[in-house]
Each structure stands twice: as C-alpha cells, then as structure tokens.
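Structural characterization, general
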Amino acid sequence: MAGLRAAWEAHGPGAGGVLPASAQVQLHALEAKPELNGKVVTLVRWDGPSQRFIVAIQSGDRIKVRASCLQGVRGYPLQPSWINLEGGLMPADLSATVALFLPTRAVAALSGAARALRAELWLRPGGQLLWEALLVRSFGAPAVDMARAARPGVSGPALFRGARGLRQIFGQLLEVVRGGIQTQATGVEVVACPTVRSLALGGRGAQVVIRQAAGPELEEAIQAVMQLRSLLPEMSCTLFPGGALAPHVAMVVTEPPEQLWGTLRREDSSEQTQGILSWLTRLHGNLFQAVREGGFRSLAMPTLCTGGIGVPVHLVAIGALRALHRDFSKHPTDPIRVRVACFEAGHVYPFNNIKDEILANFFLPEKADEAITAALLDGAERQDGSVFDDDDDNSNDEDDDDQR
C-alpha cells in the first residue's frame, strides 16, 4: 500500500487528495467509456510506459486510465464553498507568514485547525507559494521541477506530496538483496551479465552462472553475433534472449577501456578514483539505457566489476546508483525497477549506504556527490598503489568471477 500511495502522490491528479486505505477512487471525464463515469474502482498500480494508472473495475477487469480521469470517491472540488471563509484562530495573512517558519508537519496541523486556515494555507494563491517555499526548504529547488515534470499543473500541498512520493518510489524500486544472481532473476525482464568484448566464456562466477542458467538459447544467440563481428564496443550493452533464466540477458562489456588504463597510470590517486567512477557511471548508464530502449522496465544485476577486475564494491555502488538516479531524474514517470544481487554479504552494506546517501540528498545529487567524493579522496590519500584491490577479494565468492 505504501508504494501505491507514493505513486498516487507522485503521479495522481492535482486535486486528488490523499489516497484512502481502500485504494478506491472514482472515474470521471472518460470519453471512450462514458458509462463508467462515476463508478468506484480500485487503484492497482502506475504504468510508466503508458503514463496511466491501472485500475480494477467492479467486473474484475482492469483498464488503464489517465490521472486526470480519477478523483477521490467523494470528489475533490477545486473551489469548495468554504474557500472564502474568513476568521479563525488568527488573521489569514498572518497564518501564511507564521507557516513559513514552521516544519511541514506543523503547517499541515495548523491548516486543520479551521477551514479558514485550510483555505489560506492550501487553496488560495498565497498557499500555493507557501508549499513551494516549504518544498524548496525541505528538498531544494530542483524538487519543484521534478515534481512538476512528473505531475504537470500540480501546486500547493499536492506539489509537496508529489516530490516526497518520487523519492519514496526511487527507494522502493531499488532493491539490494543477498544472494546469487541466478536466484534473484524471478519477476524481472532483463538480467545483466558481465562479459569481455569478444563474448568469450572465460573465468568463473556471475558470467558462467548466468549463461549456464539461461541455457542453449542464449549460447546460440551469442555464437550468431560472434560470427558477424569479432568484438563488441567498449562499455556496450547488448540484449540477448534469456532462455530459461529470464526473458532477456544484457551482455555488459565490463572490460576496462584503454582510456581508463591511461588514467590509472597516473600517480595521483584522486585522479584514479575519479576516472574509475566516471567509467562505472557510464557503464551502468549504458546498461539502463539499453534496457529502457528495449522497452523493458525491470532489471536484475550482480555487482558488476567487483570480481576478477577487482574494483572496490563501494566504487561500484557509487557508479551504479549515480547512473540509476540520473535515469530516474530524466524519466520520473517511467522508472526502471532494479534489483542488485549481492552474492557476497559484504556487498550489501556499501550499496545500501550509498542508496541512503542518495535518498538523503535526492533532489540535490551534487551534494551527495560532494560528500561521497570527499570521503573517497580522503581515503585515497592514505592508500598506497592502485585504487583497484590488490588482494583476491573473491576467495569466498561462489566462483571467483573474472568479469563481474
């Protein structure tokens, strides 16, 4: 129910109010099926690709409906009769000024003290500006732009709830789970598989596990591609049939590009760190873009590049989640659900830690980047040698993957 409420707040109608516990809403203004207008339906979920809510009607059938064709069961008129009421606990203009200095929850409580206050703080023009100011104070100015992109025309407390809902949706759609990738592919459309540019099956670990689980269908498709071209592009992502594992497997070239090796030859460890983060962000960004362009919205992935390549897991977490946040920011109404499968127990905490940092600064990612980068660079100054791990950090891995 929490995910459904967040979707309603982020993508619902501007005057839709708060979604009730029953998740029931009312249809109105339908043109294709006017006979359903006025009917009470149950909200099922938000469908990003169609930009509509899926609702269940009384017959049990499900239909897709624009947010503008939904409203609260009793209706939420934009201009209720009590909007012009005056009086109350304090003068209306004074209440708006006081509200600017109160926490958001206190403003909501104050508006519930009297209808005149509610009209002033929620519905009148001054109230719309108040909630925009509260949103900027709480989350930063970019929150206003993202909330309006996800819910055009919204204002007032609905704008604030929409921004809050977007942050909740991001947190809910990003799963960090313990277990091998072959056991965490249930219910997703695409599984990411690390590989070299030649698509050769070498080493052990995530690549072998995924290709074995997918079976002959994937291997036949890979052989067909290998006959046509000798090497895949650097940092590329190619979708293949997923066989018995999932509908599709995304072969991700995790082989470090030549440009990165040049960066790693420099003596400045901070430049090494920044170079690796840039590569990891682009690598994961290419993966998410390939999934999106393929028409898919759910992905399971191992902790890419942490096996034989030896990239520290905290750097991988930063690159992966930074790329995912950028994708979400560009497509707030059509996000990708991502499940990160951590075979090693020690990989769960770094991913969740970076996830928490991003959520804390969700609308100000540069602030999160500054805090994370400062901590990394401070640690790098105390390290000797390459940013890559020198030890075999995969001694407890399921198969010591060379390409993960």
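This text goes with the structure placed above it.
Presented here is an overview of the structure given in this document. (Residues numbered from 1 in each chain as written. Predicted model: local features only at pLDDT ≥ 70, side-chain atom pairs only at ≥ 80, totals over all residues. Heavy atoms only, no water.)

**Observations regarding the overall build of the protein chain**
Spelled out, the test is: The numbering of helices and of strands both runs from the N terminus, where a helix is a DSSP run of H or I of at least 4 residues and a strand a run of E of at least 2. Remark: exposure states derive from per-residue accessible area (1.4 Å probe, protein chains only) relative to the maximum for the residue type, with buried under 20%, exposed over 50%, and partly exposed in between. Only heavy atoms enter the contact rule, under which two residues are in contact if any of them lie within 4.5 Å. Computed with a 1.4 Å probe, the accessible areas rest on the Shrake-Rupley method; for each residue, only the protein chains presented here act as cover.
Within the protein chain, the secondary structure is distributed over 14 helices and eleven strands. For the protein chain, with 404 residues in total, the buried portion stands at 52%. A separation of at least 24 residues holds for 68% of the contacts in the protein chain among residues at least 6 apart in sequence. Here the protein chain has roughly 18,500 Å² of accessible surface; of this, 52% comes from carbon and sulfur atoms.

**Examining the pattern of salt bridges**
Operational definition: Any carboxyl oxygen of Asp or Glu that lies within 4 Å of a side-chain nitrogen of Lys or Arg is treated as forming a salt bridge with it.
The tally for this structure, following the rule as stated, stands at twelve salt bridges. A salt bridge links Arg 339 to Glu 175; the nearest nitrogen and oxygen atoms lie 3.4 Å apart. Of this pair, Arg 339 sits in strand E11 (residues 337-342) while Glu 175 is found in strand E6 (residues 174-178), placing the two residues 164 residues apart along the sequence. Accessibility expressed as a relative area gives 10% for Arg 339, which makes it buried. Since its relative accessible area comes to 27%, Glu 175 is described here as partly exposed. Between Arg 292 and Asp 334 there is a salt bridge, with the nearest N and O atoms lying 3.5 Å from each other. With Arg 292 in helix H11 (residues 269-293) and Asp 334 in the loop between helix H12 (313-330) and E11, this pair connects stretches of sequence that are 42 residues apart. According to the relative accessible area criterion, Arg 292 is buried, its value standing at 11%. In this structure Asp 334 comes out as buried when scored by relative accessible area, which is 11%.

**Structural notes on the side chain of Ser 236**
For the record, the criterion: Two N or O atoms form a polar contact when they lie within 3.5 Å of each other; inside protein one atom must be a possible hydrogen donor and the other a possible acceptor, and for residues adjacent in sequence the pair counts only when both atoms belong to side chains.
The topology assignment puts Ser 236 in the loop between helix H9 (216-228) and strand E8 (237-241). In terms of polar contacts, Ser 236 uses its side chain to reach the backbone carbonyl oxygen of Pro 233, at 2.7 Å. Excluding its chain neighbours within four sequence positions, the residues that come into contact with Ser 236 are Met 251, Val 252 and Val 253.

**Focus on the packing of aromatic side chains**
Defined as follows: Between rings of Phe, Tyr and Trp, where Trp is taken as its six-membered ring, a pair exists when centres lie within 6.5 Å; planes separated by under 30 degrees are stacked, by over 60 edge-to-face, and by other angles tilted.
A full pass over the atoms with the stated rule returns nine aromatic pairs. Judged by centre distance (5.8 Å) and plane angle (50°), the rings of Trp 8 and Phe 53 are tilted. Of this pair, Trp 8 sits in helix H1 (residues 2-11) while Phe 53 is found in strand E3 (residues 52-56), placing the two residues 45 residues apart along the sequence. Like Phe 53, Trp 8 is buried. Plain terms: the ring middles of Phe 362 and Phe 363 are 5.0 Å apart, the flat faces sit at 90° to each other, and that makes the pair edge-to-face. Judged by relative accessible area, which is 3%, Phe 363 ranks as buried.

**Examining the sheet that holds strand E5 (residues 70-71)**
Strand pairing in a sheet is mediated by backbone hydrogen bonds. Such pairs are either parallel or antiparallel. The criterion, for reference: Two strands qualify as a pair provided DSSP detects at least 2 bridges between them.
Taken together, five strands build an open sheet; the order of strands is E4-E3-E2-E1-E5 and the sheet is antiparallel. Across the chains shown, the open sheet's two edge strands, defined by having one partner strand only, are strand E4 (62-65) and E5.

**A word on helix H7 (residues 157-173)**
Under the convention used in this document: One fewer than the residue count of a helix, multiplied by 1.5 Å, yields its expected span.
Its 17 residues give H7 an end-to-end C-alpha distance of 24 Å, which sits within 8% of 24 Å, the value for a rise of 1.5 Å per residue. Within H7, twelve of the 17 residues are buried, leaving the element largely enclosed by the surrounding structure. Among the residues of H7, Pro 157, Ala 158, Leu 159, Phe 160, Arg 161, Gly 162, Ala 163, Gly 165, Leu 166, Ile 169, Phe 170 and Gly 171 are the ones counted as buried.

**Remarks on the packing of helix H4 (residues 115-123) against helix H5 (residues 125-139)**
Inclusion rule: Helix axes are fitted to C-alpha atoms over the stretch in contact, other axes to C-alpha atoms as well, and angles between N-to-C directions run from 0 to 180 degrees. When describing relative orientation, an angle under 35 degrees is termed roughly parallel and one over 145 degrees roughly antiparallel, while 65 to 115 degrees is termed roughly perpendicular and anything else oblique. Each residue receives one of three labels: charged for Asp, Glu, Lys and Arg, nonpolar for Ala, Val, Leu, Ile, Met, Phe, Trp, Tyr, Cys and Pro, and polar for the others, Gly being one of them.
Packing of H4 against H5 leaves a shortest axis separation of 5 Å and a crossing angle of 60°. The angle between the axes of H4 and H5 places the two elements in the oblique class. Here Glu 120, Leu 121, Trp 122 and Leu 123 of H4 come into contact with H5, specifically with Pro 125, Gly 126, Gly 127, Gln 128, Leu 130 and Trp 131. When its residues are assigned to classes, the contact of H4 with H5 shows six nonpolar, three polar and one charged.

**Some remarks on the nonpolar core**
Rules: We call a set of buried residues a nonpolar core when its members are Ala, Val, Leu, Ile, Met, Phe, Trp, Tyr or Cys and they connect through side-chain atoms within 4.5 Å of each other.
Of all hydrophobic cores here, the largest spans 76 residues; its most connected members are Leu 287 and Phe 351. Those residues in contact with Phe 351 that lie beyond four places of it in its chain are Val 176, Thr 303, Val 313, Val 316, Ala 317, Ala 320, Leu 321, Val 340 and Cys 342.

**Details of the environment of Gln 212**
With respect to the element layout, Gln 212 can be found in helix H8 (residues 206-214). A C-alpha to C-alpha distance of 9.8 Å links Gln 212 and Gly 243, two positions 31 residues apart in sequence.

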